[in-house]
Amino acid sequence: MKEKIRVGFEGDFQFREIEIAAGDPAPWDPSQKFSVVGTRQPRLDGKAKATGEAKYSIDVRLPGMLYGRILRCMLPAATVKSLDLSAARKMPGVRAAIALAEPGEKLRFAGQEVAAVAAETPDQAEDALAAIRVAYEARPFVVSLDDARKSGAPLVFEGKTETKTSGGDVESGGKNLARHGNVLGPRSTVKGDVDAGFQKAAGVVEGTYDTQVQTHSALETHGLVARWEGTELTVWASTQGIFDMRDQLAETLQIPVSKVRVITEYMGGGFGAKFGPRVEGLAAARLAKEAGAPVKLFLDRKEEQLASGNRPSARQTVKAGATRDGKLTALQLTVYGNGGTNGGTGTSGPVKNVYACENLKVDEYDVFTNAGPGTAMRAPGHPQGAFALEATMDELAKAIGMDPLEFRLKNDPSAVRREQFRVGAEKIGWKDRDARRKTSDPEILRGVGVGAAVWYNTGGTGPRATVTIHKDGSAEVEHGVQDLGTGSRTMVAMVAAEELGVPLDEVSVSIGDSRLPFAPDSGGSTTTPSSAPAIRRAAWEAKQALARAVAKEWKVPAESVKVEKGRVSAAGNPPHEATWAAACKLLPSEGVAATAERADNHEDAWKRFTTGCQFAEVEVDTATGKVRVNRVVAVHDCGVPINPLTTESQIQGGVIQGVSYALFEDRILDRPTGRMVNPNVEAYKIAGALDVPEIDVTLVSVWDGINNTNSVGIGEPATVPTAAAIANAVSHALGVRIRQIPITPEVVLAAVRERDSKGGRS
Amino acid sequence: MKPFTLVRPTSLAEAARLSAASDAEIKAGGVDLVDRMKEGIDSPKTVVSIVEIAGYDRIEPGPPARLGALATLARIADDAGLRKAYPALADAAAGAATPQIRHMATLGGNLCQRPRCWYYRLEEFECRKKGGDDCFARDGENRFHAVFDTDLTCCCVHPSATGTALLAYGASLDVVGPKGKRTLPIDRFFHRPVKDPTRENTLTAGEIVAGVAIPAPAAGSRSAYRKLKEKESFDWPLVETCVAFTLSGGTVRGARVVFGSVAPTPYRSMAAERALEGGTPSDALAKKAAEAAIAEAKPLSQNAYKVTLAKVELERALRQAWA
């Protein structure tokens, strides 16, 4: 069915005719008078979480439950010579022991899994690990990007490259790419002719930018509790995708999907690293089978840091050219990414998708090292890419003598982001940023910087939801989605309450169980735009079921019954009218229910990238090199936010993680031994309360008509530009370019020395 | 963590006797000890808890001040009398760790805690402090390690913030041991790892810090403590600086200059003290003292920046003290 809808954003709307699937409501119109959607709702489970009443998967304790523990090899490269579990099996309390590596197998990073045991207490399991007899032959190793690229460097993979990917990882390009030594690639993208573009340019800049390895450091660690009952497996997991977890467990354990149940009632974060059962989840399931008892296996913080994934490091060289009037003529990125034993380290998203440039060349290489494998982390590749790109934009603006914001506006193809830049510039006080550089303390300089965000996903088909309307007018939603901590549970209730016209506190929600209707993985910022349209459609269909039931009682044709907020009516002679409550009283005792599947995205709606921008104001102590982020202004497109309170919360979280990435976090590997020296949250530094700036969030509502709720995910774009904006602000303050993060006192002092040696106290 | 026996003696003398065994450890707040036990780098058979022994948590600000070893950092930070007479000590206590930790951590524990060197703190590194043969930091990842006294057997940094301040104030420690009590000037409390890197203080088996006495400041005394950290929330300092001196007739007398987090012990810079003696407060004097102090620095491969920080922070501490 064709329908004309309005798309766009405040001040820039247009009409589009789009095809809408039968049985799916049309996207909400910008004139829609919402009663629940768009209101600031505290999380439904906020109190339970704050009081500790909420039980996370890591809190699950079952009768007779055993504790699993993993033995890890602390050599960065080794071959297993022999492995003997017999003594460990005889240790007190031990009920199961399994090998996770076989003799002859090559281990490639310090912390890799070798064997696992399950015992009656955690201490017994720990003692049993010490009783495992294992012999290794150490092999030469390499842990730094520079060393790994040298010819003659020890090879991480002597034969074929064996990398593992999980949901949300960046495409590693795979099998057809050449590998020379430890370097795989390039994956290349070419558009136009960059050489010709540089020829045309009035200004050309080139710089090399280094970013570090960041770990996910979710509060709840990886793991699960596994319980077999006959041939059926139930797991309580900390996962971003309960259905993906279910399918992978079934496939690996070779049991029917119908025999696996995955429950994630509450979750303590994932940031991209919690897809599939992974080594520890499968080990728990196998140990539980062998022991004939439930097994809990959650990683400790050290294991989490060593082996649960990370954001790869990158060395990016960006070259760019522009005409005198500020038009980009060529953009070139060469990146060597280091994801340890994993590939997929590309960073080209921002370079390809933020600013318009006819001539583009990208070459992405994966460099393997003997280090814990990288995996998807909140906007994979993007914070790295944005840092290098936005530094380049500032440098190029300077080279052609143009204001860096004006230069961006001239090259940004997105009308939404151009508006966002203007909103943010006003709030941060961009105009007088040069005048504000000096402070009352001659050693402290202030700076303001900016960076752009881009993201893509718009949600996908597949999710289903069941909505039941009860005889008393209250409603229930069943939808298997896991809530990572982003507020999905509340979002589910709000969408149903809005469509039904029922007060939010009369809607109950069941989520986090693979026995409930199918729901999406939470990755790629797709949860809300995947789930919300399914829930709205199910609520819409439940209302139609209500209408049919009422029509029967009123003895009128079903299509004459209208269900609006709080009111059910039928035109005719005589007309019928009832309150929601009175109409629901007409229902049979079982109420009415509808299960619906999310419709496909409207391909003919207003397709766009999800955009945003952030401005940072910093103060830099030029004598000690210490950076303080005073303020971040974050302006983001998040479609039409279902719950602005949790949307803003997501953006604040993205900014905080970005501040932490810009200034502090760094996985440090000991070069002589190849081991991580800060596998904790003490020496692995994460921003704390006193390090968090004032965060000013502006949501720009965008009505795209792509799904029936116009919803878009915000988790990832929220952290894309933060480090870029901070680095640009520090560079602005100092008058010299910062080319690496984290921006520690050491980095700033080196930059100040570089500036002063050039005599350029600008 | 390995199983252990917790004993709760009712007197320090009894605690001293119980903890003299080589497989026993003293626990006050437990902040550091429990950490080490959980990380598998210490596995005492007996843990002797002294935290409930009455009479050792007093704060008598004086001056002269007397502090029980079981006084928490939070109470030291909040004591108005101490803050008036010994502001550097109050600031050192207030800036340590986090509010939660400061409410558990005791003065005695803060003085006797073990270093945070990451090689020492990870069970997979058998470093010299744990009886091994190597100092992994010397040629390894040493960005946070020592820049003074780096030619000894261990290049960790001492983590005690209160130790830095108490050294500047010339405090002395009341020590209870199996053989009775003694008074130990703090100048002789910290142990330089010239030969033996396995300990950080000169207490003998079973000896327990019972209290601290701080002499009354002379007329015209000035002091200041500064801490520089990468993060503001829960971070160990890159450099701590503490200065104490008297201003008499407009000149600096009897200065004590102590750096924390830059050497295996709180590090007293005699060179800076000599440079200050008899000088008139000025930016030039601060610079002269700071330059004298860092002339003795011998940074490792990755931490020359800490020498710059020590210089800047000493100048600032002096300016702060005589402002």
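Residues numbered from 1 in each chain as written. Chains lettered and ligands numbered in written order. Predicted model: local features only at pLDDT ≥ 70, side-chain atom pairs only at ≥ 80, totals over all residues.

Participant: Is there a simple way to explain the domain arrangement of chain B in this structure?
Facilitator: As a measure of interface size, the accessible area lost when the parts come together is often cited. Residue and element names in this part refer to chain B. Here chain B is partitioned into domain 1 (59-112 + 157-214) and domain 2 (221-322). With centres defined by C-alpha atoms, the gap from domain 1 to domain 2 works out at 20 Å. With 23 residues of domain 1 at the interface, the matching set in domain 2 holds 20 residues. For the side of domain 1 that touches domain 2, the secondary-structure elements that each account for two or more residues are α5 (87-94) and α10 (161-168). Broken down by element, the residue count for the side of domain 1 that touches domain 2 peaks at six residues, all from α10. (Domains from an automatic or database assignment. Contact = placed C-beta atoms within 7 Å. Helix = DSSP H or I, 4+ residues; strand = E, 2+ residues; numbered from the N terminus.)

Participant: For this particular structure, what's the right way to read helix α10 (residues 382-399) of chain A?
Facilitator: Two residues of an α-helix separated by three or four positions point the same way, owing to the 3.6 residues in each turn. With 18 residues, α10(A) extends 25 Å from end C-alpha to end C-alpha; this agrees with the ideal 26 Å at 1.5 Å per step. A large share of α10(A) lies buried, amounting to 15 of its 18 residues. (Expected span 1.5 Å × (residues − 1). Buried ≥ 20, exposed ≤ 12 C-beta atoms within 10 Å, placed from the backbone.)

Participant: Hey, could you run me through the environment of Gly459(A) in this one?
Facilitator: Residue and element names in this part refer to chain A. As for its placement among the helices and strands, Gly-459 is situated in the loop between β21 (444-455) and β22 (464-469). What makes Gly-459 buried here is the crowd of 27 C-beta atoms within 10 Å. Apart from residues no more than four positions distant in its own chain, Gly-459 is found in contact with Thr-526, Pro-529, Ser-530, Asn-601 and Asn-707.

Participant: I would appreciate a short explanation of the sheet that holds strand β23 (residues 475-478) of chain A in the present structure.
Facilitator: Note on sheets: strands pair through backbone hydrogen bonds, and any given pair is parallel or antiparallel. Residue and element names in this part refer to chain A. With mixed pairing, four strands are arranged side by side in an open sheet as β24-β23-β22-β28. Edge positions in the sheet fall to β24 (507-510) and β28 (592-597), since each of these pairs with one other strand and no more. Mean inter-strand twist for the sheet, computed between neighbouring axes without regard to direction, equals 15°. Strands in contact with helix α13 (residues 488-500) are β22, β23 and β24; relative to β24, the strand with the most contacts, it is inclined by about 140°. Its contacts with the sheet put helix α14 (residues 527-554) on β22, β23 and β28, and the angle it makes with β28 is roughly 145°. (Pairing = 2+ DSSP bridges. Axes fitted to C-alpha atoms, helices over the stretch in contact; angles between N-to-C directions.)

Participant: Would you take a moment to explain the environment of Met393(A) for this structure?
Facilitator: Residues and elements named next belong to chain A. Secondary-structure assignment places Met-393 in helix α10. Sequence separation of Met-393 and Ala-314 is 79 residues, and the distance between their C-alpha atoms is 19 Å. Met-393 has contacts with Pro-404, Phe-407 and Arg-408, leaving out every residue within four places of it along the chain.

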